[in-house]
Amino acid sequence: MSVFARILSESFRIFFLATLISAIVLLGVWLWIYSADLMGLGSTEFPFAPAAMHWHAHEMIFGFATAAVGGFFLTAVPNWTGAAGARSRFIGTAAALWLAARIAVWFSGLLPPGVVAIICLAFLPFLGARIAMLLFKRPKPQNVILLAVLALIWAGELLVQADWMGWSWGDSGRGLRVALLALVALIAVIGGRVTPAFTRNAMIRTGREHDLPASGGRLDLAGSAAAIAAAALAALPIPEVIPGAVACIAGVLALIRLARWQSRWTRPFAILWTLHLSYGLLGLGLIALGLSWMGIGSEIAAIHLLGIGGTGGMILSVLSRASLGHTGRPLIAPRPVAIAYALIPSAAVLRWLAPQSGTLEPLLTIAAGLLWLAGFSLALAAMGPILTAPRAPREPAPPVPPHRS
C-alpha cells in the first residue's frame, strides 16, 4: 500500500496530519503578519478579504480545530456504534472539502463572497450527515447531542460568512465566539468522558483498586449542559452578561469535575496529565471569558487561554493518544510529544498575560506564538511518521499459565 493510500485508509490519519500541519502553517502566517507590522516592515499584501486578525481567528477555529473534530468523530463514532469505518472515497472527499475551504478563505479577496461561503459551509454538514447516519443506528442521547454541538459550530460559520457577504444579520465576531464555545462544549463533553476513563483504566492496570476517578451522574450532566448552553446563548442577540454567567458556571463545574479525577496520580504519565491540565485550562478559560463578558478582565486574554490552553491542549492530547492507540503502538507519549504537552499550556499562559502586561504585550505575544509553533512542530516530527506508517505488528499474547487444581 502506498503512503497516500494508507493516509486515506483511516480517517484519523489524514485529518490528524491536517491538524498538525495547519497548526504550524496558520499560526506561522499570523505570527509573520503580527511581527512584520510590529517592526514596521510594511503591510504584506495577502489575497484574503477579511482583516488579518479575523482571518487568523477564523482559520484557527474552522481550519485547525475542525480538522481535529473530523478525525476524532470519523474514528470514534464507528467504535461507539460498532459500524465499519468510512471508506477511502468518503475520507478523501471530506478532506478535500476541508482543504477547499482553507484555499477559498485564503483567496477570498479574489473570489465572489458567495462562492467562499458555499465552500466554507460544506464541510461540517458533509461530516455531520455521516455521523448522524451512524449514531441513529444505535441512538444514545449522550452521543446524539453532539450533533447539536456540531450544528452550533456550523451556525458560527454561517454568521461569519453572512457578515463577509454584507448581509445585515451576519456578525463575524459573534460567529467566531459561538464556534469557539461550541468546540469548548465538545471538549467538555468528550474530554469529560475520556479523561477520567483513561485515568481509571491506567490506575487499575497498576493494581490500584481504591480512590479511582469519580465520574458520571448529575454533576457531569450539569457540566456538559452548561457548556452547551453557553455556546447556544452566545449565538443569540442578548446581553453578553447572560452567556457570560453561564460560561462561569460551566467553568466552575469543569473544575469541580476535574477535582474528582485523581489528577495528582497522573504526574508520572505525560499522556494522562496532559488531559487533566488541558481540562483544567478549559475550566479556567470559561471562567475568564464569562467574567470578561461581565466587565471583569480582558476578553482577548480569556479567549486565548481558552483557545490555546483548553482547545489546543486537549486537541494535541487526544490526537496523540488516538494516533498511538489506533496504529497499535504503546500508549506512551514520545519524548518530543511530551515536551509539546508542556509547551502548549505555557503558550496559553503567556498569551493570557500579554494583553494585561502593558509594554510587554508584543514580546509575550510573539513568545507565545513561538511556543505554539515549537510544540506542534515537535508533535508533527514525532507523530507524522506514525500517522503515515503501517500499523505496528501486534505483540504475541503472553502464554496462558497451566491450570492447577
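Residues numbered from 1 in each chain as written. Predicted model: local features only at pLDDT ≥ 70, side-chain atom pairs only at ≥ 80, totals over all residues. Heavy atoms only, no water.

A. Here's a closer look at a nonpolar patch on the surface. Among the surface-exposed residues, Leu99, Ile103, Phe107, Leu110 and Leu111 lie close enough to one another that they form a single nonpolar patch of about 450 Å² accessible area. The class of Ile103 is partly exposed, set by a relative accessible area of 43%. (Patch = residues over 30% accessible without salt bridge, like charges linked within 9 Å, V, L, I, M, F, W, Y side chains within 5 Å. Areas by Shrake-Rupley, 256 points an atom, 1.4 Å probe, with all protein chains shown as cover. Salt bridge = Lys/Arg side-chain N within 4 Å of Asp/Glu carboxyl O. Buried < 20%, exposed > 50% of the residue type's maximum accessible area, 1.4 Å probe, protein only.)

B. Quick look at the packing of aromatic side chains. Applying the stated criterion to the full structure yields 18 aromatic pairs. Centroid distance Phe46 to Trp106: 5.5 Å. Interplanar angle 70 degrees. Geometry classified as edge-to-face. With Phe46 in the loop between helix 2 (11-38) and helix 3 (52-81) and Trp106 in helix 4 (residues 88-106), the pair connects residues that are 60 residues apart, well separated along the chain. According to the relative accessible area criterion, Phe46 is partly exposed, its value standing at 23%. (Phe/Tyr/Trp six-rings, centres within 6.5 Å; stacked < 30°, edge-to-face > 60°. Helix = DSSP H or I, 4+ residues; strand = E, 2+ residues; numbered from the N terminus.)

C. Representation of helix 8 (residues 172-205) in the model. With 34 residues, helix 8 should reach 50 Å at 1.5 Å per residue; the first-to-last C-alpha distance of 48 Å fits that figure. By the largest-angle criterion, Gly191 marks the main kink of helix 8, which is about 35 degrees. Backbone nitrogen of Gly173 and a side-chain oxygen of the N-cap are separated by 3.2 Å at the start of helix 8; the cap is Asp171. Gly207, located one to two residues past helix 8, shows a positive phi value of around 95 degrees. (Expected span 1.5 Å × (residues − 1). Bend = angle between axes of the 7 residues up to and from the residue. Polar contact = N/O pair within 3.5 Å; in protein donor to acceptor, adjacent residues only side chain to side chain.)

D. Molecular detail of the packing of helix 3 against helix 8. Where helix 3 contacts helix 8, the axes come no closer than 11 Å and their chain directions differ by 30 degrees. With respect to each other, helix 3 and helix 8 are oriented roughly parallel. Read as a crossing pair, helix 3 and helix 8 show a hand that is left-handed. Where helix 3 abuts helix 8, its residues His54, Ala57, His58, Ile61, Phe62, Ala65, Val69, Phe72, Phe73 and Trp80 lie against Ser172, Leu176, Ala179, Leu180, Leu183, Leu186, Ile190 and Arg193. Of the residues contributing to the contact of helix 3 with helix 8, the split by class is 14 nonpolar, three polar and one charged. (Axes fitted to C-alpha atoms, helices over the stretch in contact; angles between N-to-C directions. Parallel < 35°, antiparallel > 145°, perpendicular 65-115°, else oblique. Left-handed = near helix turned anticlockwise from the far one by under 90°. Contact = heavy atoms within 4.5 Å. Nonpolar A, V, L, I, M, F, W, Y, C, P; charged D, E, K, R; others polar.)

E. Focus on the nonpolar core. Judged by nonpolar contacts, the single largest core of 126 residues is most densely connected at Phe64, Phe73, Ile153 and Trp372. Among the elements that take part in this core, helix 8 stands out by supplying 17 residues, more than any other. (Core = buried A, V, L, I, M, F, W, Y, C linked by side-chain atoms within 4.5 Å.)

F. How the structure looks around the environment of Val246. With respect to the helices and strands, the residue Val246 is situated in helix 10 (residues 241-259). Judged by relative accessible area, which is 18%, Val246 ranks as buried. Sequence separation between Val246 and Asp163 is 83 residues, and the spatial gap between their C-alpha atoms is 26 Å. Leave out the neighbours within four places in its chain, and Val246 touches Ala226, Ala229, Ala230 and Leu233.

G. View of the pattern of salt bridges. Scanning the entire structure with this criterion turns up six salt bridges. Arg13 serves as the salt-bridge partner of Glu10, at 2.8 Å between the closest nitrogen and oxygen. Where Arg208 meets Asp211, a salt bridge forms, and the shortest distance between an N and an O atom there is 3.9 Å.

H. Looking closely at the environment of Ala254. Here Ala254 is to be found in helix 10. On the basis of relative accessibility, which here comes to 4%, the residue Ala254 falls in the buried class. Measuring from C-alpha to C-alpha, the distance between Ala254 and Arg335 comes to 29 Å, with 81 residues separating the pair along the chain. Apart from residues no more than four positions distant in its own chain, Ala254 is found in contact with Tyr279 and Gly283.

I. Looking closely at the packing of helix 11 (residues 270-293) against helix 13 (residues 335-353). Taken N-terminus to C-terminus, the directions of helix 11 and helix 13 make an angle of 10 degrees; their axes are 10 Å apart at the nearest point. When the axis of helix 11 is compared with that of helix 13, the two are roughly parallel. In terms of crossing hand, the pair formed by helix 11 and helix 13 is left-handed. Note on element contacts: helix 13 touches helix 11 through Ala338, Tyr341, Ala342 and Pro345, opposite Ala270, Ile271, Trp273, Thr274, Leu277 and Leu281. Grouping the constituent residues of the contact of helix 11 with helix 13 by class yields nine nonpolar, one polar and no charged.

J. Inspection of the side chain of Arg6 at higher detail. You can see Arg6 is positioned in helix 1 (residues 3-7). Buried charged residue Arg6 carries no salt bridge. Nearest counter-charge: Glu10, at 7.6 Å. Here Thr388 takes part through its backbone oxygen, which lies 2.8 Å from a polar atom of the side chain of Arg6. Every residue in contact with Arg6, bar those within four places of it in the chain, is listed here: Met1, Arg13, Thr388, Ala389 and Pro390. (Lys, Arg positive; Asp, Glu negative; His and termini not counted.)

K. Representation of the confidence of the model for the protein within the structure. Residue-level pLDDT values for the protein average 93, and 96% of them are 70 or greater. Segment residues 400-405: pLDDT under 50, and zero contacts once partners within four positions in sequence are set aside and those in other chains are kept. (pLDDT = per-residue confidence, 0-100.)

L. Structural context of the environment of Leu134. Of note, Leu134 is situated in helix 6 (residues 123-135). By relative accessible area, Leu134 is classed as buried at 4%. Every residue in contact with Leu134, bar those within four places of it in the chain, is listed here: Val77, Pro78, Thr81 and Ala83.

M. Broad picture of the side chain of Arg321. Structurally, the position occupied by Arg321 is in helix 12 (residues 299-326). Judged by relative accessible area, Arg321 falls into the buried class, the value being 10%.

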